[in-house]
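Structural overview for review
Each chain, written out:
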Amino acid sequence: SVPAAILSALAAAARGGVLFKGGAALETLAEVHSFAFDKTGTLTTGKAEVTGLIALGDEAAFLALLSGIEAQSEHPIAEAIRRHAAERGIIPAPVHDVQAIPSEGITGTDAGGTIWAGNRRLAARMGAQVDGPEFDALRDTAQTVTWLGRGDRLLGAVTVADRPRESSAAGLAALRGEGVGTIRIMTGDRRAVGLRIGAELGFAPDEVMADLLPQDKVRLVGELAGRGKVAFVGDGVNDAAALARADVGIAMGAAGSEVALQAADVALLSDDMGRLAAAHRLARRTRRVIR
Ligand code: ADP
Ligand code: MG
């Protein structure tokens, strides 16, 4: 049976919005040596903001198509684009057969054929050139660039900025203060964006791993596992495999994806990162009591 100390710790954690799927997850959390955090929607708010737009044709038509394809994505970038279009009174264009490509973007079809929205990697896969002089301003930006294209033809791009959750800095500081061995950011976003958010949250450049595909996150979690137990904290479909690979997978429960929640051992229902550090402390204290 489950020791009373663990049951009461699970209950205390739950009151703080940290739900463990079982006592074993709590015991493992006490032993975690490395924490890896996803960026978008985990360390950042998930309420991103469109900050710029370069359309090669008519802006309203561009935004209608972009918001039409993003209407069917649950990614924080998609949410920002939909909100931006709605604020400008744009009606999303109908797009069918929409498919998410984790850590790259989204594809779909309309009467004109294949359309897609996503990062450089997706553009390259679609055979589209993103290096035109129209886009010079985007080359070194520390914001996330989402490209929209039809087949191999580029239609334009928007920049999207996200910012750290208010509680991220304090939550990370608390974890560092507890003497956790290693803390990393693992993001599918561009390095410039990862470095900017990382710098705001006290990460050294070599603690930020960027441009990652879902399988890259899995590999890097595996590398950290060589030094002890690893916790991975994420929100997205793109994080599911890393959450499953980690000794303790921790999903953002409030705005995170269903797939991430299913793969995780712990759900953070509160969006206060301080609760994670508190749960870690509680797990360590509980382990001392039961040993
Ligand atoms: P993170 O790992 O930081 O949470 P993701 O792996 O979710 O980031 O996303 C990585 C990148 O993939 C994003 O920065 C974006 O360029 C692209 N991307 C993913 N989903 C979408 C989408 N629905 N629309 C546009 N771009 C997307
Ligand atoms: Mg994410």
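Residues numbered from 1 in each chain as written. Chains lettered and ligands numbered in written order. Predicted model: local features only at pLDDT ≥ 70, side-chain atom pairs only at ≥ 80, totals over all residues.

**Overview of the overall build of the chain**
Spelled out, the test is: We count a stretch as a helix when DSSP gives it H or I for four or more residues in a row; a strand needs E for two or more, and each element gets its number in order from the N terminus. Whether two residues are in contact depends on their C-beta atoms, placed from the backbone: they are in contact if these lie within 7 Å.
Along the chain, the regular secondary structure elements total twelve helices and 13 strands. By its C-alpha atoms, the chain is 65 × 35 × 30 Å across when sized along the principal axes. Once local pairs closer than 6 in sequence are excluded, the contacts in the chain between residues at least 24 apart make up 63%.

**Focus on the site of ligand 1**
What counts is decided by this rule: Near residues are defined by distance alone, with the backbone-placed C-beta atom required to lie within 6 Å of the molecule or strand. Three categories are distinguished: nonpolar for Ala, Val, Leu, Ile, Met, Phe, Trp, Tyr, Cys and Pro, charged for Asp, Glu, Lys and Arg, and polar for the others, with Gly belonging to the last. Here the bounds of each domain stem from an automatic or database domain assignment.
Close to ligand 1 lie 23 residues, the nearest being Thr40, Ser73, Asn119, Thr187 and Gly188. Broken down by secondary-structure element, the contributors of at least two residues to the shell around ligand 1 are α3 (39–43), α5 (76–87), β5 (105–110), β6 (113–118) and β7 (144–150). No other element matches the three residues that α3 contributes to the shell around ligand 1. Class assignment for the residues of the shell around ligand 1 results in four nonpolar, 14 polar and five charged. Both domains that furnish three or more residues to the shell around ligand 1 are identified here as domain 1 (4–45 + 164–290) and domain 2 (49–161).

**Quick look at the domain arrangement of the chain**
You can read the domains of the chain as domain 1 (4–45 + 164–290) and domain 2 (49–161). A C-alpha centroid distance of 30 Å is found between domain 1 and domain 2. Going through the elements one at a time, α3 and α8 (191–200) are the ones with two or more residues in the side of domain 1 that touches domain 2. Per-element tally for the side of domain 1 that touches domain 2: the top contributor is α8, with three residues. Taken together, the residues of the side of domain 1 that touches domain 2 sort by class into six nonpolar, six polar and three charged.

**Quick notes on the sheet that holds β7**
This is how it is decided: Following DSSP output, two strands are said to pair if at least two bridges run between them. Between N-to-C directions, angles cover 0 to 180 degrees, with each direction set by a line fitted to C-alpha atoms, over the stretch in contact for helices.
The strand order β3-β8-β7-β6-β5-β4 describes an open sheet built from six strands, whose pairing is antiparallel. Every interior strand has two partners, whereas the edge strands, β3 (49–55) and β4 (96–101), have only one. Geometrically, the sheet is characterised by an average inter-axis angle of 15 degrees between neighbouring strands, direction not taken into account. Across the sheet, helix α4 (residues 59–70) lies against β3, β4, β5, β6, β7 and β8 (153–161), angled at about 85 degrees from β6, the strand it touches most.

**Quick notes on helix α9 (residues 214–225)**
The α-helix winds at 3.6 residues per turn, so residues separated by three or four positions along the chain end up facing the same way. The criterion, for reference: Here a helix's expected span is defined as the number of its residues, less one, multiplied by 1.5 Å. Put simply, a residue is buried when 20 or more other C-beta atoms lie within 10 Å of its own C-beta and exposed when 12 or fewer do; between those, it is partly exposed, and each C-beta is set from the backbone. Arc definition: directions from the helix axis to the C-beta atoms.
Compared with an ideal rise of 1.5 Å per residue, which puts twelve residues at 16 Å, α9 spans 17 Å between its outermost C-alpha atoms and is within 8% of the ideal. Of all the residues in α9, the buried ones are Lys217, Val218, Val221 and Leu224. Axial view of α9: buried residues confined to an arc of 120 degrees, hence all on one face. The inward-facing, buried residues of α9 contact β2 (32–37), β9 (182–186), β11 (229–234) and α10 (240–245).

**Quick notes on the nonpolar core**
What counts here: Joined through C-beta atoms within 7 Å, a set of buried Ala, Val, Leu, Ile, Met, Phe, Trp, Tyr and Cys residues constitutes a nonpolar core.
With 53 residues, the main nonpolar core has Leu29, Ala231, Phe232, Leu243, Ile250 and Val266 as its most contacted residues. Take this core: its biggest share by element is five residues, from helix α12 (residues 274–290). Setting aside anything within four residues of it in sequence, one finds Phe232 in contact with Ala36, Val221, Ala242, Leu243, Ala246, Gly249 and Ile250. Listed in part, the 30 residues of the second largest apolar core include Leu63, Ile77, Ile115 and Trp147.

**Some details on the packing of helix α7 (residues 168–177) against α12**
Stated precisely, the cut-off is as follows: Throughout, the term roughly parallel applies to angles under 35 degrees, roughly antiparallel to angles over 145, roughly perpendicular to angles from 65 to 115, and oblique to all others.
One way to put it is that α7 packs onto α12 with a least axis distance of 7 Å and a crossing angle of 20 degrees. Classified by the angle their axes make, α7 and α12 are roughly parallel. On the side of α7, the interface is formed by Ala170, Gly171, Ala174 and Leu175, while α12 contributes Gly274, Leu276, Ala277 and His280. Here the contact of α7 with α12 is built from residues that sort into five nonpolar, three polar and no charged.

**Overview of helix α1 (residues 4–15)**
Relative to the 16 Å expected for twelve residues at 1.5 Å per residue, α1 spans 17 Å between its end C-alpha atoms, a close match to the ideal helical length. For α1, the set of buried residues is Ile6, Ala9, Leu10 and Ala13. Buried residues of α1, viewed axially, fall in a sector of 100 degrees; they line one side. Exposed residues lying more than 90 degrees from the buried face of α1 are Ala4, Ala11 and Arg15. Of the residues trailing α1, Gly17 is marked for its positive phi of about 85 degrees.

**A look at the sheet that holds strand β10 (residues 208–209)**
With mixed pairing, the seven strands of this open sheet are ordered in space as β1-β13-β12-β11-β2-β9-β10. A single partner strand is all that each edge strand has here, and the edge strands are β1 (18–20) and β10. Relative to strand β12 (residues 248–252), β11 is paired through four bridges, and the arrangement is parallel. In the sheet register, Phe232 faces β12, and the bridge partner there is Gly249.

**Focus on unusual backbone geometry**
At Asp97, a residue that is not glycine, the phi angle is positive and equals roughly 50 degrees. Relative to the assigned elements, Asp97 resides in strand β4. Within the chain, Ser103 stands out as a residue other than glycine whose phi angle is a positive 65 degrees. Exposure remark for Ser103: the 25 C-beta atoms within 10 Å place this residue in the buried category.

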